[in-house]
Amino acid sequence: MKNIAVLTSGGDSPGMNSAIRAVARTCAHYEIKCTGIIRGYSGLIENDTKNLYTRSVRGIINRGGTFLYSARSEEFKTKSGRAKAFNNIKANEIDGLVVIGGDGSFTGGLKFSEEFNFPVIGIPGTIDNDLFGTSHTLGYDTALNTATEAIDKIRDTAISHHRLFLVEVMGRDAGFIALNTGLAIGAQEILIPEVNMSSENLINSLKRSKSAGKTSTIIVVAEGDKTGESVFQLANMIEEKLPKYEVRVSVLGHMQRGGSPSCFDRVLGTQMGITAVESLLNGESRVMIGIQNGKINKTDLSKAIKGKSKINKELLRMSKIMNT
């Protein structure tokens, strides 16, 4: 293997640059070429590439986002689009590909690998932490810290004005961010897609906290929670049933994706990038690089995509104890 390419696809996440840097410098260590693909699979189809050297990735380890940019490609979902991409792979004499992204990016990479018998390794880059085979995806730890810091500031206002705040965090299909930040900031309730609390139980919880003398409350809501049709509808419902509450909504949104990556994500990106290159050099393909119990591991891409990463419901139980 003389030339390994790397791309970032789908939503950006903090730590992607750390992984890109590790891929480029590991290639340099083994004296092979590294090709950066600009804007993910779109760049692969359009042959938008750049050579990555040791100095090319200098100063990016502390930057959020992705140095190679990212995009979602509808054309790559078609057979003709993937054929264009493979023609560019051959034209650039690329021997292996590292894909940094989430389940959609891995699905495309797996399909591409199967169709053209081409070596592909995945690095899980998504703040949602929803991929099977790893305890932490790249960017998840930073997103937790960002959300926790933001909610700490919201609490200052909640206390000052005796208000109830519904804070929506990212997590359309998984409640990992909501669960962990909720426990970290001492939320009254944590609403996640995996557990249906029901509006009735939520109202009863708020009544109990009010009677216990609580003057301000934080409820952390994952964006995929089904307790209400939306976090705003949930706020209206609470105000209708509990008119004494002054309810405010704060949606943290895409700020959770940005910012300088945490120490954990920088180290994790480095470990994953090195392992991805060495896996390709060892003849491996169609695996995702992950981490379990502090050790780097590998999972078949198909299992990483199809498997279900389970929420730790024990944390929910502990949250209830903390807010008795």
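Details of the structure are given in the entry above.
Residues numbered from 1 in each chain as written. Predicted model: local features only at pLDDT ≥ 70, side-chain atom pairs only at ≥ 80, totals over all residues. Heavy atoms only, no water.

Chemist: Lay out unusual backbone geometry with the relevant residues and their values.
Modeler: The phi dihedral of Asn-47 is positive, around 60 degrees, even though this residue is not glycine. Within the element layout of this structure, Asn-47 appears in the loop between helix H2 (40-46) and strand E3 (49-51). Non-glycine residue Asn-117 carries a positive phi angle of around 50 degrees. Looking at where Asn-117 falls in the secondary structure, it is placed in the loop between helix H4 (103-116) and strand E5 (120-124). (Helix = DSSP H or I, 4+ residues; strand = E, 2+ residues; numbered from the N terminus.)

Chemist: Any chance you could break down the packing of helix H7 (residues 199-211) against helix H8 (residues 231-241) for me, citing the residues and the numbers?
Modeler: Two elements in contact, H7 and H8, have axes whose closest approach is 11 Å; the angle formed by their N-to-C orientations is 55 degrees. Classified by the interaxial angle, the pair formed by H7 and H8 is oblique. Considering the relative orientation of H7 and H8, their crossing is right-handed. Contacts between H7 and H8 pair Ser-199, Leu-202, Ile-203 and Leu-206 from the former with Leu-234, Met-237, Ile-238 and Lys-241 from the latter. Split into classes, the residues belonging to the contact of H7 with H8 amount to 6 nonpolar, 1 polar and 1 charged. (Axes fitted to C-alpha atoms, helices over the stretch in contact; angles between N-to-C directions. Parallel < 35°, antiparallel > 145°, perpendicular 65-115°, else oblique. Left-handed = near helix turned anticlockwise from the far one by under 90°. Contact = heavy atoms within 4.5 Å. Nonpolar A, V, L, I, M, F, W, Y, C, P; charged D, E, K, R; others polar.)

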